[in-house]
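Structural description and commentary
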Amino acid sequence: MIAMSPISSIMISLQGSVHAIFFSPARSTKKIVEAIAGGISHEVTQHDITQGMHNAILLSRHDIVVVGVPAFSGSVPPLAAQYLSKLKGNGARAIIACAYGNCHYENTLAELNNICVDVGLIPISSGAFVSRHSMFPELGKGRPDQRDLDNARQFGKKSVMHSRIAKGESLSIRENKARRGQGMVPSVVKATADCNYCGRCVQACPSSAIAIDNPRKTDKKLCISCTRCIDVCPYGARKFSGLMYLITQKRMVNKNKERKENEIYLPL
Ligand SMILES: Cc1cc2nc3c(=O)[nH]c(=O)nc-3n(C[C@H](O)[C@H](O)[C@H](O)COP(=O)(O)O)c2cc1C
Ligand code: SF4
Ligand code: SF4
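This text gives an overview of the structure that appears in the document. (Residues numbered from 1 in each chain as written. Chains lettered and ligands numbered in written order. Predicted model: local features only at pLDDT ≥ 70, side-chain atom pairs only at ≥ 80, totals over all residues.)

Quick word on unusual backbone geometry
Across the junction of Arg 143 and Pro 144, the peptide omega takes the value 5 degrees, indicating a cis bond. Located in the positive-phi region is Arg 27, a residue other than glycine, with phi close to 75 degrees. Locating Arg 27 in the fold gives a position in the loop between β1 (18–22) and α1 (28–38). By C-beta crowding, Arg 27 is classed as partly exposed, having 18 other C-beta atoms within 10 Å. Positive phi values are uncommon outside glycine, yet Asn 102 reaches one of about 65 degrees. (Helix = DSSP H or I, 4+ residues; strand = E, 2+ residues; numbered from the N terminus. Buried ≥ 20, exposed ≤ 12 C-beta atoms within 10 Å, placed from the backbone.)

Re the site of ligand 1
In the vicinity of ligand 1, 25 residues are found, and the nearest of them are Ala 26, Thr 29, Pro 70, Gly 101 and Cys 103. Every element with two or more residues in the shell around ligand 1 is listed here: α1 and β4 (93–100). The residue makeup of the shell around ligand 1, split by class, is 10 nonpolar, 13 polar and two charged. Residues lining the shell around ligand 1 come from more than one domain, with at least three contributed by each of domain 1 (18–178) and domain 2 (189–241). (Near = placed C-beta within 6 Å. Nonpolar A, V, L, I, M, F, W, Y, C, P; charged D, E, K, R; others polar. Domains from an automatic or database assignment.)

With respect to the packing of α1 against helix α4 (residues 146–161)
Interaxial distance between α1 and α4 falls to 6 Å at its minimum, and their mutual angle equals 45 degrees. Our classification of the angle between α1 and α4 gives oblique. Crossing geometry of α1 relative to α4 is assigned as right-handed. Along its contact with α1, which presents Lys 31, Ile 32, Ala 35, Ile 36, Ala 37 and Gly 38, the element α4 presents Leu 149, Ala 152, Arg 153, Phe 155 and Gly 156. (Axes fitted to C-alpha atoms, helices over the stretch in contact; angles between N-to-C directions. Parallel < 35°, antiparallel > 145°, perpendicular 65-115°, else oblique. Left-handed = near helix turned anticlockwise from the far one by under 90°. Contact = placed C-beta atoms within 7 Å.)

Examining the nonpolar core
Counting residues in hydrophobic clusters, the biggest one holds 56 residues, and the most contacted among them are Ile 36, Val 65, Val 66, Ala 94, Ala 97, Cys 98 and Leu 112. Per-element tally for this core: the top contributor is β4, with seven residues. Setting aside chain neighbours within four positions, we find Val 66 in contact with Ala 20, Val 33, Ile 36, Ala 37, Ile 95, Ala 97 and Gly 156. Of all hydrophobic cores here, the second largest spans 10 residues; its members include Ala 191, Ile 210, Cys 229 and Ile 230. (Core = buried A, V, L, I, M, F, W, Y, C linked by C-beta atoms within 7 Å.)

So, the site of ligand 3
Surrounding ligand 3, one finds 15 residues, the nearest of these being Cys 205, Cys 223, Cys 226, Arg 228 and Cys 229. Per-class residue counts for the shell around ligand 3 are 10 nonpolar, four polar and one charged.

Remarks on α4
With 16 residues, α4 ought to run about 22 Å at 1.5 Å a step, and its terminal C-alpha atoms sit 23 Å apart, in line with that. Looking at α4, one finds that the buried residues are Asp 148, Asn 151, Ala 152, Phe 155, Gly 156, Lys 158, Ser 159 and Val 160. (Expected span 1.5 Å × (residues − 1).)

As structure tokens, then:
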């Protein structure tokens, strides 16, 4: 099982390259993954797979890969899982990370661990980092902050200092079955009358849910509520709405007010 361990004094020399792979609609996961990778090397190859894995990512067993996704309803977003399944790990070591909005990450790390193992990566450490909740932005407001990013950098450094990286043993993460199926908020992001049809959200949407000929139309079945369109709209014209959203927001904010800390797992 996994446990915290003191910093090992064994520093391995990196023979391969460092890669940062992330699915990050609202860009917090990106910040965290960049900080982790930055703690390992100044030269990092970035792969933003939020809108798919368009080019093959070539990895070798000497490489270190930081893989990051957000927790969506306590799980790896299905689109991210689909894109990551195309990876060919070739025995590269993986540091796995999730961003979560100060509620619970539940099975996200365990699922991401399994995806990484399935594509031939060898997970060596994992971490869950608090960040602004993209759906309920009052939660995790201002995070990741400087302390979180320093924490992420240290985590990256410690992950490659650890002796287990040299042995190539895989980290196993227990699934949190008790908390499974916490449910999604039944809410779709809609455009308001402030939309001027600039089309940015159409280009940025990871699931092609916004109509090209009329960006005010969102396909409810395709929308994964990822908030990327809210993030890219220069006119603040995209929003969650509806009574269900407001009720859930109130409940979630009341329940998760207290600052949570990042959780880091390194093998003993
Ligand atoms: C659809 C959706 C579901 C989410 N579910 C959770 C959750 O179960 N627990 C949690 O703590 N945060 C949850 N969040 C918040 C995100 O995990 C958090 O905002 C994360 O930083 C988003 O990453 P990004 O900025 O890279 O998109 C959810 C956000 C969205 C949009
Ligand atoms: S980005 Fe905003 S203004 Fe532009 S099309 Fe989308 S909703 Fe409309
Ligand atoms: S329309 Fe839905 S899926 Fe597309 S960017 Fe907006 S929130 Fe994400």
